[in-house]
Amino acid sequence: MYRPLASISNKFRNINNFSSIERSYQSSKALPDLTKDRYAVQRGDFSEIKNSDIKHFESILSSSRCITDKSDIESYNVDFLGAVRGYSQVLLKPKTTEEVSTILQHCNSRKLAVCSQGGNTGLVGGSVPVFDEVILSMQLMNKIEHVDEMAGILVCQSGCILEKLEEHVSERGLCMPIDLGAKGTCHIGGNVSTNAGGLRLLRYGNLHGNVLGIEAVKADGTILDLMSNFKKDNTGYHLKHLFIGSEGTLGVITKLAIACPTASKAKNVAFLGLESYDALLKTFLAAKRDLGEILSACELIDSESLKVSTQQYNLTSPISEYPFYLLLETSGSNAEHDEEKVSNFLEAAMNRGDILDGTVSSEGNKVAQMWQLRESIPTALIKEGYVFKYDISLPLSHFYEIVPVMRERVGDLAIRVCGYGHIGDSNLHLNVSCTEFNDNIYKRVEPFVYEYTSKLRGSISAEHGIGFLKTNYLKYSKQPEALDLMKELKTMMDPNGILNPYKVLPRNT
Ligand code: FAD
Ligand code: MLT
Ligand code: ZN
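Since the model is a prediction, treat every value here as computed from it, not as a measurement.

Within the protein, residue pLDDT values average 94, and 94% of them lie at 70 or more. Contacts from residues 1-20, a stretch scored under 50 in pLDDT, to residues over four places away or in other chains number 57 contacts.

Set out below in structure tokens:
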């Protein structure tokens, strides 16, 4: 039975907060194949690094920030998923915009390819080199410059870790408009470069709306000051948007200003068990209607997804097993008002028979534990071996259908096929886990998943971006004319094509 607000389940175990996920690909696993071999890619017409280049970089950064030791570079060459691997021999760690500019000037004049890297938590193979691109790590560009508490604006360098920013602004009564499971490792610059979505998008919208200003360095080293501290600025073309979501292919983001909303005083999280997708959809629509402005997150978790997170991290679900779970969060300014609203909503949904079981809490620790069950799913799946990950936008009327279809297609070849994600934003994460990369599964899921999504006029990348892994499928979400314009923009802004080559744009164009 559903436990009402007053008698919250005590089933929660005290688990440690592990929001800081493993920093990189698990070193205990064998290294993945080199990308060039697994995906048969041809190296572009770029120069190779010479000793004179290294000397030049050392003169800009000193030798401690120009790293050439193979073992020190290894984890920067492999992505978080262990899906792609390059073999760069140079890792640069600038601290200032001027250093980034001088590095790019040199790379552009020498035609050396460059891969910008934030926290390396990207899930589409965009953050690591494909061949021997110079890795430009932004991790030392981690200064918080300023918080305007009155206006709710944070100005910082792009290499700041999202969780650190959240801590910093929360001490001032604000919050970051973005939150995701990788918060302990990902950079705000990486978030902006991927236009990451995450768990708060339902409430605050995406980064195109929240990023107020950007400083970026173009391929030729030109520093572009597009900083602004205002939400309203209609002075000509909105150039900052070119950098939001362009995954390091049009410039390197060095600094930004971001709107930080006032932190909510009252939070409730409900973890609900449901019999079917139909019941879940009904509950979500009722939540939008009945909770209105206080609804701040809405996440679907299927039974296989909850299983993997509880099994791999030894977590306990607060309710018994159901085919589907819905995690609902409300954030508001008046605890009493919000609790009453949540109570009424849950009671009505229970009475209709839409919700079979559930628990709800406003206590920090329990709220965190419920979120932990959801946020642990991606890394729990990676622990199983290899994951084929799909991040698609689909109409709600067909949202979950692809999961059983995929189960049927891959049969016993996979360990698990599961679906979870941001149903509040029509964004499904379809995952197929197996012991190791398997060409047989690969061929069964791709391009099928993209064709399926395209037929429903969905998006083949709702929030993770295109990176390296999806370049050849971009055509399923973009018309040829749009792809041509993207190509023209790239040529105009980066004529030598040195910035994150082999990423975003289809390889055969
Ligand atoms: P990286 O992975 O290092 O880089 C990503 C891309 O941005 C690359 O193309 C890189 O070249 C480019 N880049 C990085 N920094 C810069 C810069 N300063 N200038 C120019 N280009 C740059 N994503 C979501 O959208 N929503 C989620 O809910 C979500 N949850 C996640 C949970 C987990 C556990 C994990 C592992 C990942 C998750 N992701 C999610 C994916 C990932 O965390 C995001 O894409 C994140 O924004 C990447 O940030 P990063 O700093 O790690 O960037
Ligand atoms: C999430 O919502 O957990 C992330 O986007 C990561 C993933 O898709 O696994
Ligand atoms: Zn997501």
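The terminal C-alpha atoms of helix 13 (residues 364-375), which comprises twelve residues, lie 16 Å apart, in line with the 16 Å expected from a rise of 1.5 Å per residue. The buried count for helix 13 comes to nine of twelve residues, which makes it a mostly enclosed element. Buried residues of helix 13: K366, V367, Q369, M370, W371, Q372, L373, R374 and E375, and no others.

Turning to the sheet that holds strand 6 (residues 153-157), a few remarks are in order. Across a sheet, strands are paired by hydrogen bonds formed along the backbone, either parallel or antiparallel in direction. If you walk across this open sheet you meet the five strands as 5-6-9-7-8, and the pairing is antiparallel. The sheet terminates laterally at strand 5 (144-148) and strand 8 (223-226), the two strands that pair on one side only. Neighbour-to-neighbour, the strand axes of the sheet open up by a mean angle of 10°, direction not taken into account. Pairing analysis gives four bridges linking strand 7 (residues 211-217) to strand 8, with the strands arranged antiparallel. Considered in strand 8, the bridge of V217 is made with I223. Most of the contacts of helix 4 (residues 97-110) go to strand 7, to which it runs at about 45°, and overall it touches strand 7, strand 8 and strand 9 (252-259).

The next point concerns the coordination of the zinc ion (ligand 3). Taken together, the protein ligands of the zinc ion (ligand 3) are H422 (NE2), H429 (NE2) and E463 (OE), with distances of 1.8 to 2.1 Å. Motif for the zinc ion (ligand 3), donor spacing along one chain: H-x6-H-x33-E. With H422 in strand 15 (residues 416-422) and E463 in the loop between helix 17 (448-455) and helix 18 (480-493), this pair connects stretches of sequence that are 41 residues apart. Classification of E463 as buried rests on a relative accessible area of 12%.

Turning to the site of ligand 1, a few remarks are in order. As a matter of local geometry, ligand 1 sits amid 37 residues, with S116, G118, G119, T121 and G122 nearest to it. Within the backbone of G119, a nitrogen or oxygen atom sits 2.8 Å from an oxygen atom of ligand 1. One nitrogen or oxygen atom from the main chain of H187 is found 2.8 Å from an oxygen atom belonging to ligand 1. Here ligand 1, which alone exposes 970 Å², has 98% of that area covered by the protein. Among the secondary structure elements, those contributing two or more residues to the shell around ligand 1 are strand 3 (114-117), helix 6 (188-194) and strand 9. The greatest single-element share of the shell around ligand 1, amounting to five residues, is contributed by helix 6. Its residues placed into classes, the shell around ligand 1 shows eleven nonpolar, 24 polar and two charged.

A cis amide bond links E446 to the next residue, P447, at an omega of 5°. A positive phi is found at K111, a non-glycine position, where the angle reads about 60°. Mapped onto the fold, K111 is located in the loop between helix 4 and strand 3. According to the relative accessible area criterion, K111 is partly exposed, its value standing at 27%. With phi around 40°, N500 is a residue other than glycine that occupies positive phi space. When you line up the elements, N500 lands in the segment after helix 18.

Evaluated as defined, the whole model comprises 19 aromatic pairs. Members of the aromatic cluster, connected to one another through ring pairs, are Y39, Y386, F388, F437, Y442 and F468. Sitting above the plane of the F448 ring, R409 keeps its charged end 4.0 Å from the centroid.

Going through the model one piece at a time under the given rule, you end up with 24 salt bridges. Put simply, E304, K307, E384 and R416 are held in one network by salt bridges that share partners.

Our next topic: the side chain of E384. Structurally, E384 can be placed in the loop between helix 14 (377-383) and strand 14 (386-393). The contacts of E384, once residues within four sequence positions are left out, are V308, Q312, I415, R416, S433, C434 and T435.

In this section: the nonpolar core. Membership of the largest hydrophobic core comes to 117 residues, with the highest contact counts inside it found for Y277, F388 and I423. Examining the composition of this core, we find that eight residues originate from one element, helix 10 (residues 277-291), more than from any other. What I423 contacts, discounting residues up to four positions off in sequence, is Y277, L280, F284, C298, E299, L300, L326, L396 and F399. In terms of nonpolar packing, the next biggest core, distinct from the first, is built from 29 residues, C156, L165, M176 and L250 among them.

About the cut-offs
Residues numbered from 1 in each chain as written. Chains lettered and ligands numbered in written order. Predicted model: local features only at pLDDT ≥ 70, side-chain atom pairs only at ≥ 80, totals over all residues. Heavy atoms only, no water. pLDDT = per-residue confidence, 0-100. Contact = heavy atoms within 4.5 Å. Helix = DSSP H or I, 4+ residues; strand = E, 2+ residues; numbered from the N terminus. Expected span 1.5 Å × (residues − 1). Buried < 20%, exposed > 50% of the residue type's maximum accessible area, 1.4 Å probe, protein only. Pairing = 2+ DSSP bridges. Axes fitted to C-alpha atoms, helices over the stretch in contact; angles between N-to-C directions. Donors = N, O, S within 2.8 Å, 3.2 Å for Na, K, Ca; no water. Near = heavy atom within 4 Å. Polar contact = N/O pair within 3.5 Å; in protein donor to acceptor, adjacent residues only side chain to side chain. Areas by Shrake-Rupley, 256 points an atom, 1.4 Å probe, with all protein chains shown as cover. Nonpolar A, V, L, I, M, F, W, Y, C, P; charged D, E, K, R; others polar. Phe/Tyr/Trp six-rings, centres within 6.5 Å; stacked < 30°, edge-to-face > 60°. Lys NZ or Arg CZ within 6 Å of the ring centre and 35° of its normal. Salt bridge = Lys/Arg side-chain N within 4 Å of Asp/Glu carboxyl O. Core = buried A, V, L, I, M, F, W, Y, C linked by side-chain atoms within 4.5 Å.

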